[in-house]
Amino acid sequence: MIRPTKGKTPRRPAPKKPPSNQKDPVGVYCRVRPLGVEDEECCIEVISNTTIQLHAPDGLKANRNGEFKETQYSFKKVFGISTSQMELFEDVAKPLVDDLIHSKNGLLFTYGVTGSGKTFTMTGSPGQGGLLPRSLDMIFNSIGPYQAKRFVFKTDDKNGMEVQTQVDALLERQRRENQSSVPKTPSSKQRLDPEFADMINPEEACKAEGVDEDSSYSVFVSYIEIYNNYIYDLLEEAPFEPIRPKPPQSKILREDQNHNMYVAGCTEVEVKSTEEAFEVFWRGQKKRRIANTQLNRESSRSHSVFIIKLAQAPLDADGDNILQDKSQVNVSQLCLVDLAGSERTSRTRAEGSRLREAGNINQSLMTLRTCIEVLRENQMCGTNKMVPYRDSKVTHLFKNYFDGEGKVRMVVCVNPKADDYEETMLVMRFAEMTQEVEVARPVDRPICGFAAGRRQKNQAFKDELSRRLEERGGPVDGAPSVMNELLQSFPPLPACELLDPHDDVTLPRIIQVLEQRHRIRDRMTEEYHKAAKMMKSMLQELDSNLVTKENFIHDQRGKLGEKDKIIQNQKAEMERLEKKAKMLEYKIDILQKTTNIYEEDKRSLQQELESREQKFLRELSEKKRMEARMQGMVSDTKQKWEKECERRVNAKQLEMQNKLWVKDEKLKQLKAIVTESKSERPEAPQRPSREKDRLPAKRSASPSPVPTAAPVRPLHRRSHSAGGERWVDHKPSSNVELDTVMQPTLHNAITVSTPSEKALSKCDKYVLTHQEVASDGEIQTKLIKGEVFKTRGGGQAVQFTDIETLKQELPSGPSRKRRSSEGKPAQENEHAEGDWTDVETRCSVALEMRAGSNMGPGYQHHGYPKRRKP
């Protein structure tokens, strides 16, 4: 079985308020307190009446490398150190008090760092009253003659107000006075506390203009504090218990039928004078939590809220009594808030409960800042984010003001000393952001339908009646005395006791006295009738005058109705024009945003185009450099390969010529062996030259005087590097010195063990001496040569062009080849020629020549220079 779920109670819809299209920004003012010490460093400068400038202190600049710059902040008005409390009140609180008297709400709170003068600005000192006592003084100076008697207005404990008759108010007063638990409010005639007796000078008193004289007023005050995010009533009188005193009970927030927040169960005291109201405030102020910290001797540890409620009800049609209609009662309130100062625990050195208090204070101020940020974002960006009012009691209590229930103003108090610079910057940023929040302007209350000037007319009627009655016997208040005089003017009654039945004197005397009294009574009756007729005629005259005035008022109302129609038409036209203006503003905003988007796209495209042009120019220049470099490399490679091809062709031709010559030699030797009977050797054929323009080396088989005189002895080899160029002779330290006949010698050279750019920059050629062990166990030396040229980057490079190999052999080794003259007698020249052409002899000579030389193969060193493959 499924149980039916209990339906939730639907939320009561909010009352429909007349739309208010006009909005006012939050009024933010700045007050600079004087320095405690004259020679103390100051970080704030007042530039104008709306702008201040912050300077970073010298110590902070040194610690942060001068990153802080001078910053300026603008406010609605800036009050310097010479500003008096009266001047501050005139600009900040007086408009709010004037709105309070005209049934509009207001919120004024002070904000700043601890020790910046917030409590002094709100409360003041003897002779220098702050905003709170001056506001109370202005209220009672304005509504003093129009105040209702005590307990005529009565709170209903639901943030509402009821109206009682004068009889009920008198009974309520007697009942309250009989209750001992309710404190008696002091009369203004009693002696006042000297602490606040001279708060305000009489010459500084002020009053509001345009007070409604046809209404009665009554002032109620309440005083609460928000401590550690709990609400406490500072005016609550707890019963005295000396043995075990009870701690104060916290209060809760509730919502009334108009969705306005109020503190449930809060004590509201009706006051009738400034002195009485300030005494109530002072009684609660003594209960407020303050403590001594490192930064402030009397630091507020809670947020205090002093609420002034003004109840206002119109008089009846006669202008004599208050209209007994609860719906006609208007209740407006002014909240004066003294916020606790934000502080850093590193500076206050708070511990224990003070640390917890500082954390709660900073948390509530942070919540206030968050709410202001969300409101600003919703208004500027058109979003609908939820404002976190409920995160703190301070913001939850005053959320109706930010929703359009009244004006909001803030006084930012700052201390110009250098120690508070960083905290002051945070306060300035919050104040600057708060100015951008707009609050809906409160609407005016509806005007009562009764004729204006009722109180004045009723008072004039009473004065006239008293005057006329005084002419005819005295004022109304003197009627009992007139009756006493009339009664005393009557003849006194004689003694009425009859002692004798035959007494004929007493009865006639009594009859005579009664007849005299009867005549006096008739005369008085006649005068009374005359006065009644006169009063009747006067009332008829007043009635006729009243009818005439009513007709005049009716005509004026008809004209007023026509004017109202004209005004309504004009209002409709104004609304239409306002809607049209808003639509045009909306279109302008859209076009402006579109223009901004196009401008941004244009700038981004221009930037992209410029970057691409720069990239294209860089690539073009790089391409040109690469082309020039490639052309240089192609030309260098072309020249290199042309030389290489020429060298290879010459080497190949020389090799083929050598092979052909060897074959011819072998054939001749074979022919000589076959034809041994011949006595003379044939002439050796001449080795063909590699080039036609070179002179061939003349070799002959006939005896020559040069070889016969002495055999060709080994000479020292002249290196190919022995030119006019400057060489870098790179000889590693690991090389072994060889005492051979053939040694490479470089005359104009710089000998290094490790190549360096400095040595390369001074030379044109480069040679590396490399040693390795050959296959026969002998040490073989290679000379690796190259040309030094400069690179485009400014460095040095080496291009290797040649390798020379040096190898040593013993000339006395046995010949592996049979000599051509073996077994035959040879002549001296033939012996010399045979030795010269023998392979073994030619190896012992070991003269090295380049490929393509014009010398014969006998002069070619068998360690032929090896070429690397390209």
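If you're wondering where the values come from, they're calculated on a predicted model, not measured in any experiment. (Residues numbered from 1 in each chain as written. Predicted model: local features only at pLDDT ≥ 70, side-chain atom pairs only at ≥ 80, totals over all residues. Heavy atoms only, no water.)

Peer 1: Even after reading the chapter, I still don't get the overall build of the protein, so can you show me in this structure?
Peer 2: On a plain count of helices and strands, the protein comes out with 19 helices and 28 strands. Taking all 870 residues of the protein together, the buried fraction comes to 35%. Partitioning the intrachain contacts of the protein with sequence separation of at least 6 by distance along the chain shows that 70% fall at a separation of at least 24. Of the accessible surface of the protein, which amounts to about 55500 Å², a share of 52% is contributed by carbon and sulfur atoms. (Helix = DSSP H or I, 4+ residues; strand = E, 2+ residues; numbered from the N terminus. Buried < 20%, exposed > 50% of the residue type's maximum accessible area, 1.4 Å probe, protein only. Contact = heavy atoms within 4.5 Å. Areas by Shrake-Rupley, 256 points an atom, 1.4 Å probe, with all protein chains shown as cover.)

Peer 1: When you look at the packing of aromatic side chains in this model, what are you seeing that I'm missing?
Peer 2: Each pair of aromatic rings is reported with the distance of its centres and the angle of its planes. By the definition in use, this model includes 10 aromatic pairs. Ring centres of Phe278 and Trp282 lie 5.9 Å apart, and the angle between their planes is 25°; on these two criteria the pair is classed as stacked. Pair noted here: Phe278 and Trp282 are both in helix H7 (residues 274-285), with a separation of 4 residues, about one helical turn. Owing to a relative accessible area of 3%, Phe278 belongs among the buried residues under this scheme. Judged by relative accessible area, Trp282 falls into the buried class, the value being 18%. (Phe/Tyr/Trp six-rings, centres within 6.5 Å; stacked < 30°, edge-to-face > 60°.)

Peer 1: Please explain the pairing of strand S21 (residues 330-338) as it appears in this structure.
Peer 2: Look at any regular strand and the pattern is simple: side chains alternate between the two faces of the sheet. Within S21, 7 of the 9 residues are buried, which leaves it mostly tucked inside the rest of the structure. The sheet contact formed by strand S7 (residues 105-112) and S21 spans 5 bridges and is parallel. Considered in S21, the bridge of Leu107 is made with Cys335. Taken together, the 9 bridges between strand S20 (residues 303-314) and S21 define a ladder with antiparallel strand orientation. Bridge pairing in S21 links Lys309 to Gln333. (Pairing = 2+ DSSP bridges.)

Peer 1: Mind showing me how you'd approach the pattern of salt bridges here?
Peer 2: Oppositely charged side chains may form a pair once their charged atoms are brought near each other. Considering all chains together, one arrives at 25 salt bridges under this definition. A salt bridge links Arg150 to Glu276; the nearest nitrogen and oxygen atoms lie 3.4 Å apart. Residue Arg150 is located in the loop between helix H5 (131-143) and strand S10 (153-155), and its partner Glu276 is located in helix H7; the two are separated by 126 residues in the primary sequence. Residue Glu276 is classed as buried on the basis of its relative accessible area, which comes to 4%. Between Glu373 and Arg369 there is a salt bridge, and its shortest N-O distance comes to 3.5 Å. With Glu373 and Arg369 both in helix H9 (residues 353-381) and 4 residues apart, the pair spans about one turn of that helix. We classify Arg369 as partly exposed; its relative accessible area is 22%. Connected through shared salt-bridge partners, Glu644, Arg647 and Arg648 make up one network. (Salt bridge = Lys/Arg side-chain N within 4 Å of Asp/Glu carboxyl O.)

Peer 1: Explain a nonpolar patch on the surface to me, please; I cannot follow it from the model alone.
Peer 2: Judged by side-chain polarity, Phe461, Leu539 and Leu542 come together as a nonpolar surface patch covering roughly 250 Å² of accessible area. With respect to the element layout, Leu542 can be found in helix H15 (residues 506-674). Taking relative accessible area as the criterion, Leu542 reaches 38% and is therefore assigned partly exposed. (Patch = residues over 30% accessible without salt bridge, like charges linked within 9 Å, V, L, I, M, F, W, Y side chains within 5 Å.)

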